[in-house]
Amino acid sequence: MGTALVVTSGKGGVGKTTTSANIGTALALQGKRVVLLDLDIGLRNLDAVLGLSNRIIYDIVDVANGRAKLHQALIKDKRFDDLLYLLPAPQNADKDALTPEQVAAIVNDLKPDFDFIILDSPAGIEQGFRNSVAGADGAIVVTTPEISAVSDADRVVGLIEQKPMSIKPRLLINRVRANMLADGTAMDIDEITTHLGIDLLGIINDDDAVIATSNKGETIVMNPDNAASRGYRDVARRLLGETVPLAKIVEQKRGFWARLFHK
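Small disclaimer: the values here were computed from a predicted structure and weren't measured. (Residues numbered from 1 in each chain as written. Predicted model: local features only at pLDDT ≥ 70, side-chain atom pairs only at ≥ 80, totals over all residues. Heavy atoms only, no water.)

A.B. asks: Can you walk me through the layout of surface pockets in this structure?
C.D. replies: Any space left empty among the atoms is revealed by the rolling of a water-sized probe across them. Roughly 700 Å³ of volume is contained in the largest pocket. Lining the largest pocket are 37 residues, with Gly13, Val14, Gly15, Asn174 and Arg175 sitting closest to its centre. When contributions to the lining of the largest pocket are tallied by element, the ones reaching two or more residues are helix 1 (16-29), strand 7 (170-176), helix 8 (178-182), strand 8 (199-205), helix 10 (208-215) and helix 11 (227-239). Looking at side-chain class alone, the lining of the largest pocket contains 14 nonpolar, 14 polar and nine charged residues. (1 Å grid on protein atoms, 1.4 Å probe; cavity = no way out; pocket = protein on both sides within 12 Å on 5 of 7 lines; lining within 4 Å. Points joined across faces, edges and corners; volume = space filled by probe spheres on them. Helix = DSSP H or I, 4+ residues; strand = E, 2+ residues; numbered from the N terminus. Nonpolar A, V, L, I, M, F, W, Y, C, P; charged D, E, K, R; others polar.)

In structure tokens, the structure reads:
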């Protein structure tokens, strides 16, 4: 039976969808069968990040309401030899179009055929969050080294710990920049982990290439030489039970426009 993991944060813009796509891809590269569920009803993005938007016929709401069979709605990423699939969200449905019970039932139907079910949660702690944690065995809480993101993550950790999950929640710190840690303008890694009180699953270096690859419908983990890619690959290995040291935090060299607009 597969393991269902929800990727969540509370705060928007911390990189949940990118994290879901890259962890799912990294697990597929390890030979695991993975299905990614986009639960951001009405604002789907996971299909675009994976480059699968033009292949959507049915979505998760169609499955939940009996308009399509589960196998009809699953989209296979042909780049990964029957290892990576997507169950997309609709763009023209209300966030209340799904219930937690429906999501849990779909997750249970997927577990016999997949090693990992990754649930990409929308921002917030309302209906979309409740749907996303339904049926999850564990959670990956994503934050960035910003006080607002950490504060929202703290709230989400408290809610997750009230759920009957068999795997304790783990933390992924995204978009970490060495210069900001060095000069104290970003929260320290130890400070974040101490504040949130959950185990650290991984650190992902900030890198403009993550955005560039997502815009092309690709995932950064396909570039093994990239620091962010190595971070996601290490996360996948830890999820598989390996003991992997944390990646070194490196500072990306930025062009003029990146330095101007990506402060």
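A.B. asks: Is there a simple way to explain helix 9 (residues 189-196) in this structure?
C.D. replies: Every α-helical turn comprises 3.6 residues, leaving residues that sit three or four positions apart pointing alike. Of the positions making up helix 9, those classed as buried are Ile189, Ile192, Thr193 and Leu196. Taken end-on, helix 9 shows its buried residues confined to a sector of 95°, consistent with a single buried face. Pointing more than 90 degrees away from the buried face of helix 9 are the exposed residues Asp190 and Thr194. Taken together, the buried residues of helix 9 touch strand 6 (138-143), helix 7 (147-160), strand 7, helix 8 and strand 8. You can read the cap of helix 9 off the contacts: a side-chain oxygen lies 3.0 Å from the backbone nitrogen of aspartate 190, and it is on aspartate 188. (Buried < 20%, exposed > 50% of the residue type's maximum accessible area, 1.4 Å probe, protein only. Arc of directions from axis to C-beta. Contact = heavy atoms within 4.5 Å. Polar contact = N/O pair within 3.5 Å; in protein donor to acceptor, adjacent residues only side chain to side chain.)

A.B. asks: So what exactly am I meant to see when it comes to the pairing of strand 1 (residues 3-8) here?
C.D. replies: Remember that side chains alternate between the two faces of the sheet whenever the strand is regular. Burial of strand 1 is extensive: five of the six residues sit out of reach of the surface. As paired elements, strand 1 and strand 6 share four bridges and run parallel to each other. By the bridge assignment for strand 6, threonine 8 is matched with valine 141. (Pairing = 2+ DSSP bridges.)

A.B. asks: Even after reading the chapter, I still don't get the side chain of aspartate 47, so can you show me in this structure?
C.D. replies: Looking at the element boundaries, aspartate 47 is found in helix 2 (residues 46-50). Reaching out from aspartate 47, the side chain makes a polar contact with the side chain of serine 53 at a distance of 2.6 Å.

A.B. asks: Just checking my understanding: could you explain the side chain of asparagine 174 for this structure?
C.D. replies: As for its position among the elements, asparagine 174 is in strand 7. Taking relative accessible area as the criterion, asparagine 174 reaches 4% and is therefore assigned buried. Those residues in contact with asparagine 174 that lie beyond four places of it in its chain are Val14, Gly15, Thr19, Val142, Thr143, Thr144, Pro145, Ile204 and Tyr232.

A.B. asks: Can you walk me through the sheet that holds strand 7 in this structure?
C.D. replies: Across a sheet, strands are paired by hydrogen bonds formed along the backbone, either parallel or antiparallel in direction. The strand order across the open sheet built from eight strands is 3-4-2-5-1-6-7-8, with neighbouring strands paired in mixed fashion. Only two strands of the sheet have a single neighbouring strand rather than two, namely strand 3 (75-76) and strand 8. Where strand 7 and strand 8 come together, five bridges link them in parallel fashion. The residue bridging arginine 170 from the neighbouring strand is aspartate 199, located in strand 8. Sitting on the sheet, helix 7 is in contact with strand 1 and strand 6, with an inclination near 170° to strand 6. (Axes fitted to C-alpha atoms, helices over the stretch in contact; angles between N-to-C directions.)

A.B. asks: In this structure, what is going on with the nonpolar core? I would like to understand it.
C.D. replies: Across soluble globular proteins, you tend to see nonpolar side chains buried next to one another. By size, the foremost hydrophobic cluster in this structure holds 44 residues, and its most contacted members are Leu37, Ile60, Leu87, Leu110 and Leu119. Element by element, the count of residues in this core is highest for helix 7, at six residues. Those residues in contact with leucine 87 that lie beyond four places of it in its chain are Val35, Leu36, Leu37, Asp38, Asp59, Ile60, Val63, Leu70, Ala73, Leu74 and Ile106. Counting 36 residues, the second-largest nonpolar core is a separate cluster that includes Ala28, Ile75, Ile204 and Val235. (Core = buried A, V, L, I, M, F, W, Y, C linked by side-chain atoms within 4.5 Å.)

A.B. asks: Would you take a moment to explain the pattern of salt bridges for this structure?
C.D. replies: Pairing between side chains of opposite charge can happen when the charged atoms of each approach one another. Considering all chains together, one arrives at nine salt bridges under this definition. Aspartate 47 is the partner of arginine 44 in a salt bridge, and the nearest nitrogen-oxygen pair spans 3.8 Å. The exposure class of arginine 44 is buried, given its relative accessible area of 17%. Between arginine 177 and aspartate 206 there is a salt bridge, with its nearest N and O atoms 3.8 Å apart. (Salt bridge = Lys/Arg side-chain N within 4 Å of Asp/Glu carboxyl O.)

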